[in-house]
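Structure at a glance
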Amino acid sequence: MQWHRRRDLEGGKELGVWLLVADDGSVERELYVESHEYRGGDFDVYTTADDEWTHEGEFETSEEAFARAQALLESSSHAVESDGLA
């Protein structure tokens, strides 16, 4: 199982999406960095598994949100695709 950065973002508010993909190709977990600037908000980090969403934090800057996402990836017991953190 390995984390892969998704490149085809949808909706315009998603700044970063990582998918934890099993060997059979199924997605086991997702990690999102989202911008809510369009509605006067900040940046949020979410994880989801089995349709259960967890809010991992709200941040004033995208740098802070990506730092939280990076910490979540690093604390995972699964590898991160080498080009997935660009």
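Numbers given for residues are sequential positions, taken from 1 along each chain in its written order. Side-chain atom pairs in this predicted model are given and counted only at pLDDT of 80 or more, local residue features only at pLDDT of at least 70, and totals for whole chains, interfaces and linings cover all residues. For the side-chain quantities, the full set of heavy atoms in the structure was used; hydrogens and water were omitted.

1. Describing a negative patch on the surface
We apply this condition: Excluding any residue in a salt bridge, patches collect residues exceeding 30% relative accessible area, merging like charges within 9 Å and nonpolar Val, Leu, Ile, Met, Phe, Trp and Tyr side chains within 5 Å. Where accessible areas are quoted, they stem from the Shrake-Rupley method and a 1.4 Å probe; at the residue level, only the protein chains shown are allowed to cover. In the sections that follow, a salt bridge refers to a side-chain nitrogen of Lys or Arg positioned within 4 Å of a carboxyl oxygen of Asp or Glu. A positive count includes Lys and Arg, and a negative count includes Asp and Glu. His and the chain ends are not counted in either. Note on charges: their place is set at NZ of Lys, CZ of Arg, CG of Asp or CD of Glu. A helix here means a DSSP run of H or I that spans at least four residues, while a strand means a run of E at least two residues long, and both kinds are numbered starting from the N terminus. Throughout, exposure labels follow a simple rule: accessible area from a 1.4 Å probe, protein chains only, divided by the maximum for the residue type, with under 20% read as buried, over 50% as exposed, and the rest as partly exposed.
Residues Asp23, Asp24, Glu28, Asp50, Asp51 and Glu52 make up a contiguous surface patch of negative charge. Tracing the backbone through its elements, the reader meets Asp51 in the loop between strand S4 (43-49) and strand S5 (52-59). Exposure remark for Asp51: the relative accessible area of 72% places this residue in the exposed category.

2. Quick look at the nonpolar core
Note the following rule: Nonpolar cores are built from buried Ala, Val, Leu, Ile, Met, Phe, Trp, Tyr and Cys residues. Side-chain atoms within 4.5 Å join them into one set. Contacts were defined at the residue level, with two residues in contact if any of their heavy atoms lie within 4.5 Å.
By size, the foremost hydrophobic cluster in this structure holds 12 residues: Trp3, Trp18, Leu20, Leu31, Val33, Phe43, Val45, Phe59, Ala65, Ala69, Leu72 and Leu73. Counting only elements with at least two residues in this core, the list comes to strand S2 (14-21), strand S3 (27-35), S4 and helix H1 (62-75). Considering every element that reaches this core, the biggest residue donor is H1, with 4 residues. Dropping the residues within four chain positions of it, Val45 is found in contact with Leu31, Tyr32, Val33, Thr54, His55, Glu56, Gly57, Phe59, Ala65, Arg68 and Leu72. In this structure, Val17, Leu19, Val21 and Tyr46 belong to the second largest nonpolar core, which totals 5 residues.

3. Some thoughts on the side chain of Thr47
The following threshold applies: Between N or O atoms, a polar contact is any pair within 3.5 Å; within protein, one atom must be a potential hydrogen donor and the other a potential acceptor, and residues adjacent in sequence are included only when both atoms are from side chains.
Structurally, Thr47 is set in strand S4. Here the side chain of Thr47 touches Arg29 through a polar contact of 3.5 Å, side chain to side chain. Residues within four places of Thr47 in sequence aside, it is in contact with Arg29, Glu30, Leu31, Glu52, Trp53, Thr54, Glu56 and Leu72.

4. Quick look at the packing of aromatic side chains
To keep it simple, the criterion reads: Paired rings are identified among Phe, Tyr and Trp, the last through its six-membered ring, by centres lying within 6.5 Å, and are further divided according to the angle between planes into stacked (under 30 degrees), edge-to-face (over 60) and tilted (the rest).
Within this structure, the stated rule accounts for 3 aromatic pairs. Measuring from ring centre to ring centre gives 6.1 Å for Trp18 and Phe66, while their planes differ by 75°; the resulting arrangement is edge-to-face. Highlighted residues: Trp18 in strand S2 and Phe66 in helix H1, separated in sequence by 48 residues. Judged by its relative accessible area of 27%, Phe66 is partly exposed. Here the aromatic residues Tyr32, Tyr46 and Trp53 are joined through ring pairs into a cluster of three or more.

5. Points about H1
For clarity, the cut-off: Working rule for helices: expected span equals 1.5 Å times residues minus one. The arc refers to the directions leading from the helix axis to the C-beta atoms.
The end-to-end C-alpha separation of H1 is 20 Å, in line with the 20 Å expected for 14 residues at 1.5 Å each. Buried residues of H1: Ala65, Ala69, Leu72 and Leu73, and no others. Down the axis of H1, the smallest arc covering the buried residues is 100°, so these residues share one side. Exposed and oriented more than 90 degrees from the buried face of H1 are Glu63, Glu74 and Ser75. Considering only its buried residues, H1 is in contact with strand S1 (2-5), S2, S3, S4, S5 and strand S6 (79-80).

On their own, these measurements won't tell you what the molecule is for.
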